Amino acid sequence: MNDDDQRRRVPGTDTLLALPAVIRARERLSDAAVRAIISAAQSAARDGDLAVDDVERAVEEAVRERLPLTLRPVLNATGVVVHTNLGRAPLSAAARAALEAASGYVDVELDLETGRRSSRGSAAREALLEACPAAEDALIVNNGAAALVLAVTACGRPPGADSPPGEIVVSRGELIEIGAGFRLPDLMESTGARVREVGTTNRTHLDDYARAITERTRCIVKIHPSNFRVQGFTSDVGIAALRTLADEHRLPLIVDLGSGLLRPDPLLPDEPDIDGALTAGADLVIASGDKLLGGPQAGLVLGRHEAVRSLARHPLARAVRSDKLTLAAIEATLRGGRTPVHAALHVDPVRLRGRTEQLAARVGAAVVPHDGRVGGGGGAGVPLPGWAVALPEDVAEPLRRGDPAVLARVHAGRCLIDLRCVAEEDDERLAVAVQTAKEAAARGPERDD
Ligand SMILES: *Cc1c(COP(=O)(O)O)cnc(C)c1O
């Protein structure tokens with residue numbers, strides 16, 4: 001049979017569209033996505049890269065598993081628990097189920113008893129209040145940055161109509177960049193207020209704050225610089241002392257904790273918790289939902305009733321409100337079982353070592369001591385002691401490009417596989433992926449041509 005005959009025998013688009021698997025897939029995939037799969041198989045057959053008799057099967061296979069989604073799940077073998085590039089906190093089983101349950105019509109703003117409109121997200125709010133007894137009220141917004149912008153916008157003493165911009169008093173040592181080039185002082189100034197830096201990079205005293213307060217001051221903000229540590233000759237002013245100063249000047253005290261620990265954790269002794277910050281005297285505490293809390297992206301605002309209500313009533317609150325999926329996942333994170341973040345932080349060292357040794361034996365590599373990290377702006381400088389399987393550096397790329405995709409840590413010329421953040425049920429898949437990547441690396445770099 002010559003090439004022209006081959007080309008004539010390639011199944012037509014209508015034939016392929018009529019395959020049962022393709023008809024079923026059209027509930028999941030757009031018309032354009034289905035046609036793109038079909039036309040890719042047809043041209044592969046025309047080019048001789050696919051046997052004509054295999055076209056139907058290739059199309060059926062291509063549509064079967066395909067979701068209209070290009071995000072790919074990744075096994076996190078870096079040992080970094082809250083990994084920003086991997087979407088921060090992986091959700092708990094309860095939170096995943098809640099997302100599914102909340103995806104249809106739900107009573108997010110309706111009281112089914114009375115048939116009246118109810119306040120949005122009240123169940124998630126109540127779960128937060130139960131978790132933080134020192135909070136009188138709570139509000140959930142889109143993320144931590146939105147919470148900070150809303151707080152400094154709505155909470156500060158409102159300036160008069162033609163008065164100069166209000167000032168936000170913050171310690172210089174706390175003016176941090178949080179990632180991807182975003183800086184908290186710029187964020188706060190985007191509200192039209194000015195940031196009034198006080199103190200120095202390493203030391204700030206109560207007197208520095210006191211001298212900076214004028215009639216323009218709208219609020220005092222204290223930020224937990226969670227992603228770095230200053231060591232040596234340092235001092236900062238605690239929340240309790242700032243409370244006294246804030247009371248003297250009738251100013252709101254806003255504390256941005258970043259990571260969102262609900263209660264003190266002995267593993268992270270320097271990490272402040274929300275309840276403790278409120279007890280110490282903050283009017284408002286801000287934290288992210290997807291860092292140490294282990295939930296979805298969200299900004300949590302907890303604090304005094306009047307302060308939280310003034311945020312909730314501000315027009316900007318509508319622009320940063322969280323959706324029903326987030327509210328459902330936050331509630332389930334708080335009320336459900338242990339989160340994967342908690343499990344990874346508090347992993348049993350004996351078990352971790354055993355799993356690491358098993359993987360090392362499987363793939364013929366060595367076990368080395370390896371410290372995991374909290375990551376994502378929390379527990380800076382706190383090592384999480386553990387182990388890793390050490391492989392040659394060139395295994396990292398085929399691992400990353402494999403299926404399942406695995407992100408390892410590349411350090412000092414080695415590819416390190418840390419099982420801390422890998423769920424135990426994924427150990428087998430990981431072992432197969434590592435073996436495959438090791439063989440691919442041994443064959444040498446593949447050429448994409
Ligand atoms: C992470 C962080 C933020 C930003 O929170 P997002 O939820 O990422 O918007 C703000 N402040 C501090 C101190 C942080 O650590």
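Here the structure is a predicted model, which means the values were calculated and not measured. (Residues numbered from 1 in each chain as written. Predicted model: local features only at pLDDT ≥ 70, side-chain atom pairs only at ≥ 80, totals over all residues. Heavy atoms only, no water.)

A.B. asks: Explain the domain arrangement of the protein chain to me, please; I cannot follow it from the model alone.
C.D. replies: Accessible area lost upon the coming together of the parts is a frequently used measure of interface size. The domain architecture assigned to the protein chain consists of domain 1 (3-64), domain 2 (74-84 + 342-443) and domain 3 (93-336). Between domain 2 and domain 3, the C-alpha centre-to-centre distance is 34 Å. The interface of domain 2 with domain 3 comprises 12 residues on the first partner and 12 residues on the second. Of the roughly 950 Å² buried at the junction of domain 2 and domain 3 (both faces included), carbon and sulfur atoms supply 66%. Counting the contacts that link domain 2 with domain 3 gives 0 salt bridges. Linking domain 2 with domain 3 are 1 residue pair in polar contact (both at pLDDT 80 or more). (Domains from an automatic or database assignment. Contact = heavy atoms within 4.5 Å. Buried area = accessible area lost by both parts, 1.4 Å probe. Salt bridge = Lys/Arg side-chain N within 4 Å of Asp/Glu carboxyl O. Polar contact = N/O pair within 3.5 Å; in protein donor to acceptor, adjacent residues only side chain to side chain.)

A.B. asks: So what exactly am I meant to see when it comes to the packing of aromatic side chains here?
C.D. replies: The relative placement of two aromatic rings is captured by the distance of their centres and the angle of their planes. Within the structure shown, the criterion is met by 0 aromatic pairs. Of note, arginine 203 hangs over the ring of phenylalanine 233, and the distance from its end group to the ring centre comes to 3.8 Å. (Phe/Tyr/Trp six-rings, centres within 6.5 Å; stacked < 30°, edge-to-face > 60°. Lys NZ or Arg CZ within 6 Å of the ring centre and 35° of its normal.)

A.B. asks: Looking at this structure, I do not really get the site of the ligand. What am I missing?
C.D. replies: Lining the immediate environment of the ligand, one finds 14 residues, of which Gly144, Ala145, Asp256, Ser288 and Lys291 sit closest. Of all the elements in the fold, those that place two or more residues in the shell around the ligand are helix 8 (144-154) and strand 8 (253-258). Of the residues assigned to the shell around the ligand, the class counts are 5 nonpolar, 6 polar and 3 charged. (Near = heavy atom within 4 Å. Helix = DSSP H or I, 4+ residues; strand = E, 2+ residues; numbered from the N terminus. Nonpolar A, V, L, I, M, F, W, Y, C, P; charged D, E, K, R; others polar.)

A.B. asks: Would you explain the sheet that holds strand 7 (residues 217-223) in this entry?
C.D. replies: Picture the strands of a sheet paired through backbone hydrogen bonds; they go either parallel or antiparallel. If you trace the 7 strands from one edge of the open sheet to the other, you get 2-10-9-8-7-3-6, paired in mixed fashion. One side of each edge strand has no neighbouring strand; the edge strands of this open sheet are strand 2 (137-141) and strand 6 (194-198). This sheet shows a mean twist of 25° between the axes of neighbouring strands, independent of strand direction. The pairing of strand 7 with strand 8 spans 4 bridges and is parallel. Its bridge partner being in strand 8, isoleucine 220 is matched across the sheet by leucine 253. Along the sheet face, helix 8 touches strand 2, strand 3 (167-171), strand 7, strand 8, strand 9 (284-288) and strand 10 (299-303) and points at about 160° away from the line of strand 9. (Pairing = 2+ DSSP bridges. Axes fitted to C-alpha atoms, helices over the stretch in contact; angles between N-to-C directions.)

A.B. asks: I keep staring at the layout of surface pockets and nothing clicks. Help me out?
C.D. replies: There is about 1,900 Å³ of room inside the largest pocket. If you go around the largest pocket, you meet 46 residues; those closest to its centre are Pro73, Val74, Leu75, Pro90 and Arg96. Those elements that place two or more of their residues in the lining of the largest pocket are strand 1 (74-77), helix 6 (93-101), helix 16 (340-345) and helix 17 (349-363). Among the residues making up the lining of the largest pocket, the classes are represented as 25 nonpolar, 5 polar and 16 charged. Of the residues that make up the lining of the largest pocket, three or more belong to each of domain 2 (74-84 + 342-443) and domain 3 (93-336). (1 Å grid on protein atoms, 1.4 Å probe; cavity = no way out; pocket = protein on both sides within 12 Å on 5 of 7 lines; lining within 4 Å. Points joined across faces, edges and corners; volume = space filled by probe spheres on them.)

A.B. asks: Can you walk me through unusual backbone geometry in this structure?
C.D. replies: Keep in mind that most residues, glycine aside, have a negative phi and that most peptide bonds are trans. At the junction of aspartate 403 and proline 404, the peptide bond is cis and its omega measures out at 5° in the coordinates. You can see proline 404 is positioned in the loop between helix 18 (396-401) and strand 13 (405-411). Of note in the backbone geometry, arginine 88 takes a positive phi value of approximately 55° without being a glycine. On the basis of relative accessible area, arginine 88 is assigned to the partly exposed category, the value being 23%. (Buried < 20%, exposed > 50% of the residue type's maximum accessible area, 1.4 Å probe, protein only.)

A.B. asks: Could you clarify how one ought to interpret the sheet that holds strand 13 in this entry?
C.D. replies: Strand order across the open sheet formed by 5 strands is 1-13-14-12-11, with mixed pairing between neighbours. Since the sheet does not close on itself, it has two edges, and those belong to strand 1 and strand 11 (366-372), each with one partner. Between one strand axis and the next, the sheet turns by 45° as a mean value, whatever way the strands run. In this sheet, strand 14 (residues 414-417) lies alongside strand 12 (residues 384-392) in antiparallel orientation, the contact comprising 4 bridges. Across the sheet, residue proline 392 finds its bridge partner in strand 14, namely arginine 414. Where helix 17 meets the sheet, its contacts fall on strand 11, strand 12 and strand 14, and the angle it forms with strand 12 comes to roughly 5°.

A.B. asks: Looking at this structure, how should I read the nonpolar core?
C.D. replies: Generally speaking, soluble globular proteins have nonpolar side chains that are buried together. Ranked by internal contacts, the top residues of the largest apolar core, which has 38 residues, are Ile220, Ile274 and Leu302. For this core, the element with the highest residue contribution is helix 7 (residues 122-131), accounting for 5 residues. Beyond its immediate sequence surroundings of up to four residues, leucine 302 is in contact with Leu128, Cys132, Ala135, Asp137, Ala138, Ile274, Leu278, Asp283, Leu284, Val285 and Val308. Membership of the second largest hydrophobic core comes to 29 residues, among which are Leu148, Ala154, Val170 and Val308. (Core = buried A, V, L, I, M, F, W, Y, C linked by side-chain atoms within 4.5 Å.)

A.B. asks: Where do I start with the packing of helix 7 against helix 15 (residues 324-335) in this structure?
C.D. replies: Each packed pair of helices is defined by two parameters, the angle between the axes and the distance between the axes. Taken N-terminus to C-terminus, the directions of helix 7 and helix 15 make an angle of 30°; their axes are 8 Å apart at the nearest point. Here helix 7 is positioned roughly parallel relative to helix 15, judged by the angle of their axes. Crossing hand, helix 7 versus helix 15: left-handed. Across from Ala123, Ala124, Glu126, Ala127, Leu128, Glu130 and Ala131 in helix 7, the residues of helix 15 making contact are Leu327, Ile330, Glu331, Leu334 and Arg335. Split by residue class, the contact of helix 7 with helix 15 holds 8 nonpolar, no polar and 4 charged. (Parallel < 35°, antiparallel > 145°, perpendicular 65-115°, else oblique. Left-handed = near helix turned anticlockwise from the far one by under 90°.)

A.B. asks: When you look at the pattern of salt bridges in this model, what are you seeing that I'm missing?
C.D. replies: Side chains carrying opposite charge are able to pair once their charged atoms draw close together. Tallied over the entire structure, the rule returns 32 salt bridges. Of the charged contacts, one joins arginine 309 and aspartate 137 as a salt bridge, the two residues approaching to 3.0 Å between their closest N and O atoms. Here arginine 309, found in helix 13 (residues 305-313), pairs with aspartate 137, found in strand 2; they are 172 residues apart in sequence, far enough to count as distant. Overall, the relative accessible area of 0% leaves aspartate 137 in the buried class.

A.B. asks: Can you help me understand helix 5 (residues 55-64) in this one?
C.D. replies: Every α-helix carries 3.6 residues per turn, so stepping three or four residues along brings you back to the same face. For helix 5, every residue scored as buried is listed here: Val55, Val59 and Val63. Within helix 5, the buried residues cover an arc of 60° as seen down the axis, which keeps them to one side. The inward-facing, buried residues of helix 5 abut helix 2 (13-17), helix 3 (20-25) and helix 4 (31-46). (Arc of directions from axis to C-beta.)

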